[in-house]
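Observations on the three-dimensional arrangement
The primary structure of each chain is shown beneath.
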Amino acid sequence: MKLVVLAGTPGAGKTSVLLHTIKSLISDDKKPAVVKVDCLWTDDDRRFKKFDIPVHVGLAKDMCPDHFTIYNTEEMMNWADEKGADILLNETAGLCLRCAPYPDSCLAICVIDVTTGPNTPLKVGPLLTTADIVVMTKSDLVSQAEREVFRERVLEVNPGCKIVEANGLTGKGSFELADIISKWPDVGDDMVLRYSPPLAICSLCTGENRVARKHHMGVLRNLDGFMEYKGE
Amino acid sequence: MTINPISSLTIMGGVDKDGKDEPVRYVEIVAGEIVGIVGPTGSGKSTLIDDIEQLAQADTPTGRTILLNGQRPDESIRADPRRKLVAQLSQKMHFLADMTVEEFLCMHARSRGKDESLFSKIVELGNTLTGEPIYPKDHLTSLSGGQSRALMTADIAVISDSPVVLIDEVENAGIKKQEALKLLAGEGKIVVVVTHDPVLALMSSRRIVIRNGAMVNLIDTSHQEQEICTKITNVDNWMLSLRETIRRGDIVEDKI
């Protein structure tokens, strides 16, 4: 089984890019299955279902969506296996940019929107810096010069990645992505995350909703950058 | 990283939006030639430009193949901007990057493996194409459409300096378009220009007609069309000079 983890900032075009890529995979006789993880609500499963492939939705609700994705990776793989798939495409919600839900042997794809400007690659963090493939979307909305500057910035933070320019409207880039996915090795047992999840657990994580500082415990970071443990 | 000079670019036909073979199967464009792309909005002109820009190898939705000097291009020149053979001036007239003109141009020069000091030359050249001066400390996002387009044009002429130049709808820009085209076309380049503008369309030696995603016809610019082009060029220059007069705040006194 191949595992593809597709992450990126909201609205970057993850689903559109994936839809075109699935089309190419199917025409190449591959058997993809999709798990779409979102936070509260999604109707993207309807967009995937037009392909007559196994589709599953996971809503993280009260859990951090990236932690939810990681915690459920094994279950997703088992589900895809039962459905007779040979590629599991996992589209994550990816919001806080602190985690990167990429296991070591998956194909990690980060989708990033060029119209957010060339400073964005510096802000995205491990989602971008630990990806194998960086997909630049909406390239048609900026000049070639700006596209190339954006590309340079991506390579500054992730020198080893392969960059694919894709367009969710026309399907540009989808053949290339499908080809990379098809050639990627299967995942091994005992997968390990590429990047450590955050160590700060605080009383807000467990449901405290009062704002005043005196109510909070755990590993906490002050506005001035000082980090401390407060509690028992 | 020496690249053989590009003497020709060939477009091998693919399929239209319905998946049927497009009628024009083969277009060869030679160095020094300007070829137009015409057709209704949404017909697929920009998609053809994209195919050329990506050097498509039957791996885009149109199924077209692009050959250079009659051969399939090497895989590595498709992606690496330092080896890129195709420069593109797109429809987009505004920059989104929150940087100064100087920072941006230096970074672009670096991405193409060129010297950063080229930025002053680009600004200087850009200023010959637009009435409103551009300064290196200006923020990109504050430039007008005309300034942005002039800067992008000068950037292509100086930094990109590729043997193949693709131009998408240059006429909407409020810049001196024939001068821009001459600057971009340079010596012995292959120029493909998407346009509805009669001056630019008739400046080309041939034009590809696009309909429903397909290349449906290839028209040679006739002798009569060339004469018309000369006439409308004069009208166009007159319009431009009137525009400059009004911009300066002067009174228009030309006789009709």
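Residues numbered from 1 in each chain as written. Chains lettered and ligands numbered in written order. Predicted model: local features only at pLDDT ≥ 70, side-chain atom pairs only at ≥ 80, totals over all residues. Heavy atoms only, no water.

As for the sheet that holds strand β3 (residues 55-59) of chain A
Residue and element names in this part refer to chain A. Taking strand neighbours across the sheet as the criterion, the seven strands line up as β3-β2-β4-β1-β5-β6-β7 in an open arrangement whose pairing is parallel. Bordering the open sheet on either side are β3 and β7 (162-165), each of which pairs with just one other strand. The mean angle between the axes of side-by-side strands here comes to 20°, regardless of whether they run parallel or antiparallel. Where helix α1 (residues 14-27) meets the sheet, it contacts β1 (2-8), β2 (32-38), β4 (87-91), β5 (107-113) and β6 (133-137), and its direction lies at approximately 170° from that of β4. In the packing of helix α7 (residues 144-157) onto the sheet, contacts are made with β5, β6 and β7, and the angle to β7 comes to roughly 150°. (Pairing = 2+ DSSP bridges. Helix = DSSP H or I, 4+ residues; strand = E, 2+ residues; numbered from the N terminus. Axes fitted to C-alpha atoms, helices over the stretch in contact; angles between N-to-C directions. Contact = heavy atoms within 4.5 Å.)

Notes on the pairing of β3 of chain A
All names here are of chain A. Where β2 and β3 come together, five bridges link them in parallel fashion. Paired with V37 across the strands is G58, a residue of β3. Traced from β2 through helix α2 (residues 44-49) to β3, the parallel crossover comes out right-handed. (Right-handed = clockwise from strand over helix to strand, strands pointing away.)

Points about the packing of helix α4 (residues 119-127) of chain B against helix α5 (residues 145-160) of chain B
Each pair of packed helices gets described by two things: the angle between the helix axes and the distance between those axes. All names here are of chain B. The N-to-C vectors of α4 and α5 enclose an angle of 130°; their axes lie 8 Å apart at closest approach. Considering the angle they form, α4 stands oblique to α5. Two packed elements cross with a definite hand, and for α4 against α5 that hand is right-handed. Residue-level contacts link K121, I122, V123, L125 and G126 of α4 to A150, L151, A154, D155, A157, V158 and I159 of α5. When its residues are assigned to classes, the contact of α4 with α5 shows nine nonpolar, one polar and two charged. (Parallel < 35°, antiparallel > 145°, perpendicular 65-115°, else oblique. Left-handed = near helix turned anticlockwise from the far one by under 90°. Nonpolar A, V, L, I, M, F, W, Y, C, P; charged D, E, K, R; others polar.)

A word on the pattern of salt bridges
Across all of its chains, the model carries 27 salt bridges over all chains by this definition. Residue E156 of chain A is joined to R110 of chain B by a salt bridge in which the shortest nitrogen-to-oxygen separation is 3.7 Å. With E156 of chain A in helix α7 and R110 of chain B in helix α3 (residues 101-111), this residue pair bridges two chains. Judged by its relative accessible area of 41%, E156 of chain A falls in the partly exposed class. Between E53 of chain B and K172 of chain A there is a salt bridge, and its shortest N-O distance comes to 4.0 Å. (Salt bridge = Lys/Arg side-chain N within 4 Å of Asp/Glu carboxyl O. Buried < 20%, exposed > 50% of the residue type's maximum accessible area, 1.4 Å probe, protein only.)

Thoughts on the interface of chain B and chain A
Taken together, the 32 residues of chain B in the interface contact 21 residues of chain A. Summed over both partners, the interface of chain B with chain A buries about 2200 Å², with 54% contributed by carbon and sulfur atoms. Across the chain B-chain A interface, the total number found is seven residue pairs in polar contact (both at pLDDT 80 or more). For the side of chain B that touches chain A, the secondary-structure elements that each account for two or more residues are α1 (45-53), β5 (86-89), α3 and α5 of chain B. In terms of residues, the side of chain B that touches chain A owes the most to one element, α3 of chain B, which gives five residues. By residue class, the composition of the side of chain B that touches chain A is 13 nonpolar, eight polar and eleven charged. (Buried area = accessible area lost by both parts, 1.4 Å probe. Polar contact = N/O pair within 3.5 Å; in protein donor to acceptor, adjacent residues only side chain to side chain.)

Examining the domain arrangement of chain A
Taken domain by domain, chain A comprises domain 1 (2-183) and domain 2 (199-232). Between the C-alpha centres of domain 1 of chain A and domain 2 of chain A the distance comes to 33 Å. (Domains from an automatic or database assignment.)

Quick notes on the domain arrangement of chain B
Residue and element names in this part refer to chain B. Taken domain by domain, chain B comprises domain 1 (1-85 + 162-249) and domain 2 (94-161). A separation of 23 Å is found between the C-alpha centroids of domain 1 and domain 2. Taken residue by residue, the interface counts 20 residues in domain 1 and 18 residues in domain 2. Between domain 1 and domain 2, roughly 1500 Å² of surface is buried when both sides are summed, and carbon and sulfur atoms account for 57% of that area.

Looking at helix α8 (residues 174-183) of chain A
For α8 of chain A, the complete set of buried residues consists of S174, L177, A178, I180, I181 and S182 of chain A. Residues of α8 of chain A that are buried make contact with β1, α1, β4, β5, β6 and β7 of chain A.

Overview of the sheet that holds strand β4 (residues 65-68) of chain B
Residues and elements named next belong to chain B. Strand order in the open sheet made by the three strands is β2-β1-β4, with antiparallel pairing throughout. Because the sheet does not close on itself, it has two edges, and the strands there are β2 (26-30) and β4. Between one strand and the next, the sheet's axes are offset by a mean angle of 15°, whatever the strand orientation. Here strand β1 (residues 8-12) runs beside β2; their pairing, made up of five bridges, is antiparallel. Note on β2: the bridge partner recorded for S8 is V30.

Observations regarding the nonpolar core
Counting 34 residues, the largest nonpolar core has V101, F104, L105, L140, L151 and I167 of chain B as its most contacted members. Contributions of two or more residues to this core are made by α7 of chain A together with β5, α3, α4, α5, β6 (164-168), α6 (177-185) and β7 (190-194) of chain B. Structurally, this core is a two-domain feature, drawing no fewer than three residues from each of domain 1 (1-85 + 162-249) and domain 2 (94-161) of chain B. Apart from the residues lying within four places of it in its own chain, the contact partners of L105 of chain B are F119, I122, V123, L151, D155 and I159 of chain B. Counting 33 residues, the second largest nonpolar core, distinct from the first, contains A100, Y102, C106 and I163 of chain A. (Core = buried A, V, L, I, M, F, W, Y, C linked by side-chain atoms within 4.5 Å.)

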